[in-house]
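# Observations on the model geometry
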Amino acid sequence: MPDRVKVAVLISGRGSNMAALIYAAKTNDCPYEIILVASNDPQAAGLILAEAEGIATFSHPHKGLSRKEHDQIMHDAITQAGADYITLAGYMRILSDDFVSKWQDHMLNIHPSLLPKYKGLDTYQRALDASDSHAGCSVHLVTPELDDGPVLAQTKVAILPNDTAEILADRVLIAEHQLYPATLAQYVTREADPNWILDQVRIRALALEETYERPSFGTPGWRVGSEKTGKYFAYFSQRHFGEIGTSVFVKTSGLDEQGALLDADPDLYFAPKFYGKSGWIAIRLDTGRTDWDHIADSLTKSWRMVAPKRLTRIMDIADDF
Ligand code: GRF
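The sections below set out a description of the structure shown in this document.

About the criteria used
- Residues numbered from 1 in each chain as written.
- Predicted model: local features only at pLDDT ≥ 70, side-chain atom pairs only at ≥ 80, totals over all residues.
- Heavy atoms only, no water.
- Axes fitted to C-alpha atoms, helices over the stretch in contact; angles between N-to-C directions.
- Helix = DSSP H or I, 4+ residues; strand = E, 2+ residues; numbered from the N terminus.
- Parallel < 35°, antiparallel > 145°, perpendicular 65-115°, else oblique.
- Left-handed = near helix turned anticlockwise from the far one by under 90°.
- Contact = heavy atoms within 4.5 Å.
- Nonpolar A, V, L, I, M, F, W, Y, C, P; charged D, E, K, R; others polar.
- 1 Å grid on protein atoms, 1.4 Å probe; cavity = no way out; pocket = protein on both sides within 12 Å on 5 of 7 lines; lining within 4 Å.
- Points joined across faces, edges and corners; volume = space filled by probe spheres on them.
- Buried < 20%, exposed > 50% of the residue type's maximum accessible area, 1.4 Å probe, protein only.
- Pairing = 2+ DSSP bridges.
- Right-handed = clockwise from strand over helix to strand, strands pointing away.
- Near = heavy atom within 4 Å.
- Polar contact = N/O pair within 3.5 Å; in protein donor to acceptor, adjacent residues only side chain to side chain.
- Areas by Shrake-Rupley, 256 points an atom, 1.4 Å probe, with all protein chains shown as cover.
- Sits in = over half its atoms within 2 Å of the grid points.

## Observations concerning the packing of helix α7 (residues 194–206) against helix α9 (residues 292–306)
The N-to-C vectors of α7 and α9 enclose an angle of 50°; their axes lie 9 Å apart at closest approach. In terms of orientation, α7 lies oblique with respect to α9. Judged by the sense of rotation from one axis to the other, the crossing of α7 with α9 is right-handed. Residues Trp196, Ile197, Gln200, Val201, Arg204 and Ala205 of α7 lie in contact with α9, whose contacting residues are Trp292, Ala296 and Leu299. Class assignment for the residues of the contact of α7 with α9 results in 7 nonpolar, 1 polar and 1 charged.

Shown next, in the form of structure tokens:
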């Protein structure tokens, strides 16, 4: 099995979601392993189970410490354990912006509502009071705002006529225990999913001025300019025209630059068969170490080479200074 992604779980209480993650990690082909369970409460019941399952634990009470100080202690323990990702599972602490930004895109939380509905506490009672037909749970990325980050996945849970908040909470919890491990598995392997990769290219290509998507010989491509006279500045290739792997084709300034790139990093670049002769370069997107800022830069450079002058004029003037 290839190296598994290392995950730390942060808890404050009983840790049933933690248990779900621990046991999911023991199933065949699970792409992650739980390497640490950490808590702000040394008495958290979940710590006892984690220990019994042979998982390293860490706890440090927050009493008498500033939020920043406590977060730093947790951060140090988590990085020392070698974690790539953090999952919050009933961790009842608001995290400092500093901590959140250190773990940006690498920290997930589970929340017992269909976000953006019912952020914060008492989610079940609020769903009952609103006579909602369904409650549910959401797994989301953690951003500085409470329960506000991008939602990765949700499960809807039917509300029954005689439900109380407690009964409903138990049913939502069953859904949580399915959703969290499955979403985490999908998230940590996203870089191997061609659809996810395509979306990343698309977002960056369409963020450039006056661009639109148009398929070219059956593969997505992006053009700049008008529908009629626009020109392609990027193509997505998933083994297109018999090429290897998943890549994006962008324009270089010519064969000199293309050659220099091929020499500089032959694992990252290759010359695409048909477009290569006119100076296009392919950048691999399936190495597992894609630098998305670099992809955005390459798309921008390529865009600039074919964009109408009225769009690039300001940049050209800035360059002259
Ligand atoms: C769960 O309801 C979860 O949605 C919320 O906190 C609770 C934690 O429960 N974030 P447990 O400790 O995982 O059992």
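This is not the end of the story, as more comes after the structure.
## With respect to the layout of surface pockets
By volume, the largest pocket amounts to about 900 Å³. Lining the largest pocket are 38 residues; nearest its centre among them are Gly90, Tyr91, Met92, Ile110 and His111. Listing elements by their share of the lining of the largest pocket, those giving two or more residues are α1 (16–25), β5 (107–111), α5 (123–129) and α6 (165–188). Taken as a whole, the second largest pocket spans an internal volume of roughly 230 Å³. Forming the boundary of the second largest pocket are Asp105, His106, Leu141, Tyr187, Arg190, Glu191, Trp196, Asp199, Gln200, Ile203 and Trp292.

## As for the pairing of strand β1 (residues 5–11)
Judged by how many residues are buried, β1 sits mostly within the fold: 6 of 7 residues are covered. By the bridge criterion, 7 bridges tie β1 to strand β2 (residues 32–39) in an arrangement that is parallel. By the bridge assignment, Lys6 is partnered in β2 with Glu33. After leaving β1, the chain enters α1 and then returns to the sheet as β2, a path that is right-handed. Pairing of β1 with strand β4 (residues 85–88) involves 4 bridges; the strand directions are parallel. For Val9, the partnering residue across the bridge sits in β4 and is Thr87.

## Some thoughts on the sheet that holds strand β3 (residues 57–59)
As summarised here, the arrangement of the 7 strands in space is β3-β2-β1-β4-β5-β6-β7, forming an open sheet in which the pairing is mixed. For this open sheet the edge positions go to β3 and β7 (151–158), each flanked by a neighbour on one side alone. Neighbour-to-neighbour, the strand axes of the sheet open up by a mean angle of 20°, direction not taken into account. Strands β1, β2, β4 and β5 of the sheet are contacted by α1, whose axis makes an angle of about 155° with β2. With respect to the sheet, helix α2 (residues 45–52) is in contact with β1, β2 and β3, its orientation differing from that of β3 by roughly 155°.

## Observations regarding the sheet that holds strand β10 (residues 231–238)
Reading across from one edge, β8-β9-β10-β11-β13-β12 is the order of the 6 strands in this open sheet, with antiparallel pairing throughout. The two strands at the open ends of the sheet, each matched to only one other strand, are β8 (211–213) and β12 (269–270). Two elements, β12 and strand β13 (residues 280–284), share 2 bridges in a ladder whose sense is antiparallel. Bridge pairing in β13 places Phe270 opposite Ala282.

## Some remarks on the site of the ligand
Close to the ligand lie Arg14, Gly15, Ser16, Asn17, Gly90, Ile110, His111, Pro112, Tyr124 and Glu176. Gly15 places a polar main-chain atom, nitrogen or oxygen, 2.9 Å from an oxygen atom of the ligand. Take Asn17: an N or O atom from its main chain is 2.9 Å from an oxygen atom of the ligand. In isolation the ligand exposes 370 Å². Once the protein is present, 86% of that is buried. Applying the majority rule of atoms within 2 Å of the grid points places the ligand in the largest pocket.

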